[in-house]
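Secondary and tertiary structure notes
Listed here are the chains, written in short residue letters.
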Amino acid sequence: MSDIKTGGPARWHHAAAMPNRLTEHALQQSRSFGVRRIPALRPLGWLARGWRDLMACPLPGLLHGAVMAAFGAALFWQARHQFWWLAGAFSGYLLVAPVLATGLYAVSRAIERGEPAGLRTALAAWRPRDHRLVVFGGLLALAGAGWVLTSASLIVSALPGQVNRPVDFLRLVVLAEHGLLFETWLVLGALLAAPVFASSVVALPMLLDRSIGVLGAVFTSWRAVMEHPIPMALWAVLLLVLTGLGMATLLLGLVVVLPWLAHASWHAYRDLVLAHDDRERG
């Protein structure tokens, strides 16, 4: 009788089945979108179209880049004597950066549709119509925080000395004569960055553009990466190289690089993801 009154095993069975139902629903959502075949060098075209969008509507992008660069500078200044923490924090900051570019995806979408595009377009993308982008941003923030803690713990626990300045990081980690600390640090960072990249490269603009759940968008993003390993690997390298160049210019280059890559990311999504209604229209 107690099982009948409280639900007993039936209730637990229902609760256990919920994740499977959510996953199946997300897979069904993802299957409603096709993944278009692209050539290996197509990411270069995304950069070209992203640059075109930035030049067509520069104000939102440059403001976004300036705010992000200023935040990076503030982060660097705050942790200038604790570089062991800064190395991970900057990496985590870059993991979260794509979700902050949501407004620029909206600008590129407006330009593509021939609609007026400006700062108001970018700001309107942040109106709280739903919580999908907030949820996804929270997940990216957790991933970034996890990497910060992992990076700091690895560097602090494995070194004989303190890493308080960039020169200390270079001397004790990058150029260390014994051990494989730097290589281990890079491998751990890659192990975190790779699934984050695969989960977000298409999902973020897709959440802005389509009525699809977070998990469905993530599955679609993974399909795009798995079906196009060479062009998506090239795209990841371009993102890293251009971001690194922006950081190497005392962060000033990020003012242009970050919005450029954000607009290009919109075109990556539009090139890769094809809905059934788009197929019917040819």
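Residues numbered from 1 in each chain as written. Predicted model: local features only at pLDDT ≥ 70, side-chain atom pairs only at ≥ 80, totals over all residues. Heavy atoms only, no water.

Our focus in this paragraph is the overall build of the protein. Within the protein, the secondary structure is distributed over 15 helices and two strands. Scored against the burial criterion, the 282 residues of the protein give a buried share of 46%. Partitioning the intrachain contacts of the protein with sequence separation of at least 6 by distance along the chain shows that 76% fall at a separation of at least 24. Surface accessibility of the protein: about 15,200 Å² in total, with carbon and sulfur atoms responsible for 69%. (Helix = DSSP H or I, 4+ residues; strand = E, 2+ residues; numbered from the N terminus. Buried < 20%, exposed > 50% of the residue type's maximum accessible area, 1.4 Å probe, protein only. Contact = heavy atoms within 4.5 Å. Areas by Shrake-Rupley, 256 points an atom, 1.4 Å probe, with all protein chains shown as cover.)

Among the surface-exposed residues, Trp-51, Met-55, Leu-62 and Val-256 lie close enough to one another that they form a single nonpolar patch of about 330 Å² accessible area. Among the structural elements, Val-256 can be located in helix 14 (residues 254–272). Accessibility expressed as a relative area gives 32% for Val-256, which makes it partly exposed. (Patch = residues over 30% accessible without salt bridge, like charges linked within 9 Å, V, L, I, M, F, W, Y side chains within 5 Å. Salt bridge = Lys/Arg side-chain N within 4 Å of Asp/Glu carboxyl O.)

Glancing now at the pattern of salt bridges. When charged atoms on two side chains of opposite charge get close, those side chains can pair. Considering all chains together, one arrives at seven salt bridges under this definition. A salt bridge links Arg-42 to Asp-271, with the shortest nitrogen-to-oxygen separation between them at 2.8 Å. A residue pair is termed long-range when its members are at least 10 positions apart, and Arg-42 in helix 3 (residues 42–56) and Asp-271 in helix 14 qualify at 229 residues. Residue Asp-271 is classed as buried on the basis of its relative accessible area, which comes to 9%. Connected through shared salt-bridge partners, Arg-109, Arg-113, Asp-209 and Arg-210 make up one network.

Here we take up the environment of Leu-204. Relative to the helices and strands, Leu-204 is located in helix 11 (residues 203–209). Taking the C-alpha atoms as reference points, Leu-204 and Leu-133, separated by 71 residues in sequence, lie 7.5 Å from one another. In contact with Leu-204, other than residues within four places in its own chain, are Pro-98, Val-99, Tyr-105, Leu-133, Phe-136 and Leu-140.

This part covers the confidence of the model for the protein. Of the residues in the protein, 72% reach a pLDDT of 70 or more, and the chain-wide mean stands at 80. Taken element by element, the predicted model of the protein shows its lowest mean pLDDT in helix 1 (residues 2–6) (44) and its highest in helix 3 (97). Of the regions scoring below 50 in pLDDT, residues 1–6 engages in four contacts with residues more than four places distant in sequence or in other chains. (pLDDT = per-residue confidence, 0-100.)

Looking at where Phe-136 falls in the secondary structure, it is placed in helix 8 (residues 132–158). When the C-alpha positions of Phe-136 and Val-218 are compared, they lie 9.6 Å apart, and in sequence the two are 82 residues distant. In this structure Phe-136 touches Ser-199, Ser-200, Ala-203, Leu-204, Leu-207, Val-214 and Val-218, once residues within four positions along its chain are discounted.

Bringing the packing of aromatic side chains into the picture now. Tallying each qualifying case throughout the model produces three aromatic pairs. Their ring planes at 90° and their centres at 5.3 Å tell us that Trp-46 and Trp-235 sit as a pair that is edge-to-face. In this pair, Trp-46 sits in helix 3 while Trp-235 sits in helix 13 (residues 229–248), placing the two residues 189 residues apart along the sequence. Judged by its relative accessible area of 1%, Trp-235 falls in the buried class. (Phe/Tyr/Trp six-rings, centres within 6.5 Å; stacked < 30°, edge-to-face > 60°.)

A separate point is the side chain of His-267. With respect to the element layout, His-267 can be found in helix 14. Beyond its immediate sequence surroundings of up to four residues, His-267 is in contact with Trp-46, Arg-49, Gly-50, Arg-52, Asp-53 and Ser-108.

Our focus in this paragraph is unusual backbone geometry. Unusually for a residue other than glycine, Leu-250 sits at a positive phi of about 55°. Relative accessible area serves as the criterion here: at 76%, Leu-250 is assigned to the exposed category. At Leu-251, a position not held by glycine, the phi torsion is positive, near 75°. Structurally, Leu-251 can be placed in the loop between helix 13 and helix 14.

The description of two helices packed together rests on the angle between their axes and the distance between the axes. Their axes nearest at 7 Å, the elements helix 3 and helix 14 cross at an angle of 120°. Judged by the inter-axis angle, helix 3 sits oblique to helix 14. Seen from above, helix 3 lies across helix 14 with right-handed handedness. Along the contact surface, helix 3 presents Arg-42, Trp-46, Leu-47, Arg-49, Gly-50, Trp-51, Arg-52, Asp-53 and Leu-54, while helix 14 presents Val-256, Pro-259, Trp-260, Leu-261, His-263, Ala-264, His-267, Ala-268, Asp-271 and Leu-272. (Axes fitted to C-alpha atoms, helices over the stretch in contact; angles between N-to-C directions. Parallel < 35°, antiparallel > 145°, perpendicular 65-115°, else oblique. Left-handed = near helix turned anticlockwise from the far one by under 90°.)

Taking 1.5 Å as the rise per residue, helix 6 (residues 102–113) with 12 residues should run 16 Å; its terminal C-alpha atoms sit 17 Å apart, in good agreement. The buried fraction of helix 6 amounts to nine of the 12 residues, a majority that puts the element mostly inside the structure. Along helix 6, the positions that sit buried rather than exposed are Thr-102, Gly-103, Leu-104, Tyr-105, Ala-106, Val-107, Ser-108, Arg-109 and Ala-110. (Expected span 1.5 Å × (residues − 1).)

Moving on, we get to helix 4 (residues 58–78). Relative to the 30 Å expected for 21 residues at 1.5 Å per residue, helix 4 spans 30 Å between its end C-alpha atoms, a close match to the ideal helical length. Every buried residue of helix 4 is listed here: Pro-60, Gly-61, His-64, Gly-65, Met-68, Ala-69, Gly-72 and Leu-75. For helix 4, the angular spread of buried residues about the axis comes to 155°, placing them on one side. Among the exposed residues of helix 4, those oriented more than 90 degrees off its buried face are Val-67, Trp-77 and Gln-78. (Arc of directions from axis to C-beta.)

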